[in-house]
Amino acid sequence: MDHFEIKNGAMHAEDVSLPAIADAVGTPVYVYSTATIERHVRVFRDALEGLGDPLIAFAVKANPNAAVLATMARLGLGADVVSAGELKRARAAGIAADKIVFSGVGKTAEEMALALKEGIGQFNVESEPEAEMLSQVASSLGLTAPIAFRVNPDVDAGTHAKISTGKSENKFGVAYDKAPDAYALAASLPGLAIRGVAVHIGSQLTDLAPLEAAFTRIGALIERLQADGYPVSVADLGGGLGVPYDPAKPLPPSPADYGAMVRRVSAGWKVRLAFEPGRVIVGNAGVLLSRVIRVKQGSAAPFVIVDAAMNDLLRPSLYDAWHDIRAIAPRGDRFTANVVGPVCESGDTFAMGRDLECVEPGDLVGFMTAGAYGATMANTYNSRALTPEVMVNGNDWAIVRERQPIEALIAADRLPPWLVGE
Ligand code: LLP
């Protein structure tokens, strides 16, 4: 459920008309709906009822905009971060340090030191060498790092290969069978305090079975570790719940279905639960608004060339991802078209042979469900400036990231001395 609806002939985000935003800010532009974010947080929280007081740590990578993170902070969420940059963003937005978990296979000593000094709640350690480095850094600072090992349960998440993380061949986590050794090592190292177990098997999961299989394995591990005397008091079950992208496809499991599964699997676990949802919180809360530049004849169907491109929304070219493409002011008829951007690559294609509402040059289109992994994965390929972002709240709206001037891109480069002058 989102708050993007056609009212008086034009799509609105809550009570704000998208054409008004496009006129004021220009296109392409990402537009986020506060009410949708709030709704998804509420739905996710409600789904976890009966599970004690779980930590919900928003996966910052899904949408790190300061306004989005400040909204999460207001709603009492924590943050799952994977870099010093995300950690700094989360703290700057007011997210409490003790509600921050730090994941990622490549944390550097500098990043560890920063996180230790901030006093974050938990490091999700992904290997034994990482535990050794963290031990050294913490000891040298006279601090203690609360840790969980991220365990790789060797489960096929059944999602796109590029966003699967829980198979033994993936780079993530400590192998399930090796986990007891990793805990033994951590217990022997100074500066580390064992706190929990973490797992995350992939993203955009549309089937609960792999998650259930992974959690079941984690439950058995928790029991064993506790029996061995390790102070395991937290189980971080990661993120990964999918969202509907294509209205023609069956709906993915709802947060309520997910919560019921977690309640079933975790019954009897003597731990506090933590979750790292990203997409399910912000996916449907964002639209990429773009304008049709021109329509060009194609051999099978016309090419609708829009002013957004693969650099603004990478998911279709990177994962063959499907985003619904809607006319912002529908004319009432439909056609079959290819929707492409201006970048000089055939991969800069949002949809081929798609049945969509008729659009003409100058019309606005919306790429739906673009609130997660949209703006954050944008880049400046073809020297296209980063896309601005707008946040709507009821009948109010604000620019939450300015359109980057091309001059700023150029000014960031430096000429070496031998090319200066003349
Ligand atoms: N926790 C960890 C350790 C993660 O690696 C991720 C996502 C999450 C939580 C949040 O997962 P979510 O609830 O959003 O599924 N760029 C890709 C998605 C990459 C996800 C990476 N990790 C895409 O656009 O589909």
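My aim in this report is to walk through the structure given alongside it, one point at a time. This structure is a prediction, so every number in the text was calculated from the model and none was measured.

**Focus on the layout of surface pockets**
Thought 1: The computed volume of the largest pocket comes to approximately 660 Å³.
Thought 2: What lines the largest pocket is a set of 36 residues, and nearest its centre among them are Lys61, Thr165, Phe172, His200 and Tyr373.
Thought 3: Breaking the lining of the largest pocket down by element, the ones donating at least two residues are helix H10 (279-282) and helix H11 (315-319).
Thought 4: Partitioning the lining of the largest pocket into residue classes produces 13 nonpolar, 13 polar and ten charged.
Thought 5: Here the lining of the largest pocket spans two domains, and each of domain 1 (4-31 + 283-411) and domain 2 (34-281) adds at least three residues to it.
Thought 6: Considering only enclosed or pocket space, the second largest pocket measures out at about 360 Å³ in volume.
Thought 7: Here the lining of the second largest pocket is composed, by residue class, of ten nonpolar, four polar and four charged.
Thought 8: When residues are assigned to domains, the lining of the second largest pocket turns out to be shared by domain 1 (4-31 + 283-411) and domain 2 (34-281), each giving three or more.

**Focus on the nonpolar core**
Thought 1: Ranked by size, the top nonpolar core spans 105 residues in total, and within it Phe123, Ile147, Phe149, Phe215, Tyr258, Trp269 and Phe367 carry the most contacts.
Thought 2: With eight residues, the top contributor of residues to this core is helix H8 (residues 208-227).
Thought 3: A domain-level breakdown of this core finds at least three residues from each of domain 1 (4-31 + 283-411) and domain 2 (34-281).
Thought 4: Beyond its immediate chain neighbours, meaning those up to four positions away, Phe215 contacts Val199, Leu237, Tyr258, Met261, Val262, Val265 and Trp269.

**A few points about the site of the ligand**
Thought 1: Around the ligand sit 19 residues, and of these Ser203, Glu276, Arg315, Tyr319 and Tyr373 come closest.
Thought 2: Between the ligand and Gly278, the relevant distance is 2.9 Å, taken from an oxygen atom to a main-chain nitrogen or oxygen of the residue.
Thought 3: At 2.7 Å from a nitrogen atom of the ligand is found a side-chain nitrogen or oxygen belonging to Tyr319.
Thought 4: Here the ligand loses 92% of its free accessible area of 590 Å² to cover by the protein chains.
Thought 5: When atoms are counted within 2 Å of each cavity's grid points, the one that captures over half of the ligand is the largest pocket.
Thought 6: Here the residues of the shell around the ligand sort into six nonpolar, seven polar and six charged.

**Quick notes on the side chain of Thr34**
Thought 1: Of note, Thr34 is situated in helix H2 (residues 34-47).
Thought 2: One polar contact links the side chain of Thr34 to the main-chain carbonyl oxygen of Val392, over a distance of 2.6 Å.
Thought 3: Ignoring sequence-local partners within four residues, the contact set of Thr34 consists of Glu14, Thr71, Met391, Val392 and Asn393.

**A closer look at the sheet that holds strand S2 (residues 10-13)**
Thought 1: Ordered in space as S1-S2-S3, the three strands form an open sheet in which the pairing is antiparallel. Looking at the sheet topology across the chains shown, the edges are occupied by strand S1 (4-7) and strand S3 (16-17).
Thought 2: By the bridge criterion, four bridges tie S1 to S2 in an arrangement that is antiparallel. What sits directly across from Glu5, in S2, is His12.

**Notes on the pattern of salt bridges**
Thought 1: Within the structure shown, the criterion is met by 15 salt bridges.
Thought 2: Ionic pairing is found between Glu126 and Arg150, a salt bridge with its closest N-O pair at 3.0 Å. Of this pair, Glu126 sits in the loop between strand S8 (122-125) and helix H6 (128-141) while Arg150 sits in strand S9 (residues 145-152); the two residues are 24 residues apart in sequence, bridging distant segments of the chain. Grouping residues by exposure puts Glu126 and Arg150 together as buried.
Thought 3: Among the salt bridges present, the one from Glu360 reaches Arg331, with a minimum N-O distance of 3.6 Å. Taken together, the positions of Glu360 in the loop between strand S18 (349-357) and strand S19 (364-367) and Arg331 in the loop between strand S16 (325-327) and strand S17 (334-340) put the pair 29 residues apart, joining distant regions of the chain.

**So, the environment of Leu237**
Thought 1: Mapped onto the fold, Leu237 is located in the loop between strand S12 (234-236) and helix H9 (255-266).
Thought 2: Judged by its relative accessible area of 1%, Leu237 is buried.
Thought 3: For the pair Leu237 and Ala274, spaced 37 residues apart in the sequence, the C-alpha separation amounts to 6.1 Å.
Thought 4: In contact with Leu237, other than residues within four places in its own chain, are Val199, Phe215, Tyr258, Val262, Trp269, Leu273, Ala274 and Phe275.

What counts as what
- Residues numbered from 1 in each chain as written.
- Predicted model: local features only at pLDDT ≥ 70, side-chain atom pairs only at ≥ 80, totals over all residues.
- Heavy atoms only, no water.
- 1 Å grid on protein atoms, 1.4 Å probe; cavity = no way out; pocket = protein on both sides within 12 Å on 5 of 7 lines; lining within 4 Å.
- Points joined across faces, edges and corners; volume = space filled by probe spheres on them.
- Helix = DSSP H or I, 4+ residues; strand = E, 2+ residues; numbered from the N terminus.
- Nonpolar A, V, L, I, M, F, W, Y, C, P; charged D, E, K, R; others polar.
- Domains from an automatic or database assignment.
- Core = buried A, V, L, I, M, F, W, Y, C linked by side-chain atoms within 4.5 Å.
- Buried < 20%, exposed > 50% of the residue type's maximum accessible area, 1.4 Å probe, protein only.
- Contact = heavy atoms within 4.5 Å.
- Near = heavy atom within 4 Å.
- Polar contact = N/O pair within 3.5 Å; in protein donor to acceptor, adjacent residues only side chain to side chain.
- Areas by Shrake-Rupley, 256 points an atom, 1.4 Å probe, with all protein chains shown as cover.
- Sits in = over half its atoms within 2 Å of the grid points.
- Pairing = 2+ DSSP bridges.
- Salt bridge = Lys/Arg side-chain N within 4 Å of Asp/Glu carboxyl O.

Shape is all these values report; function is a separate question.
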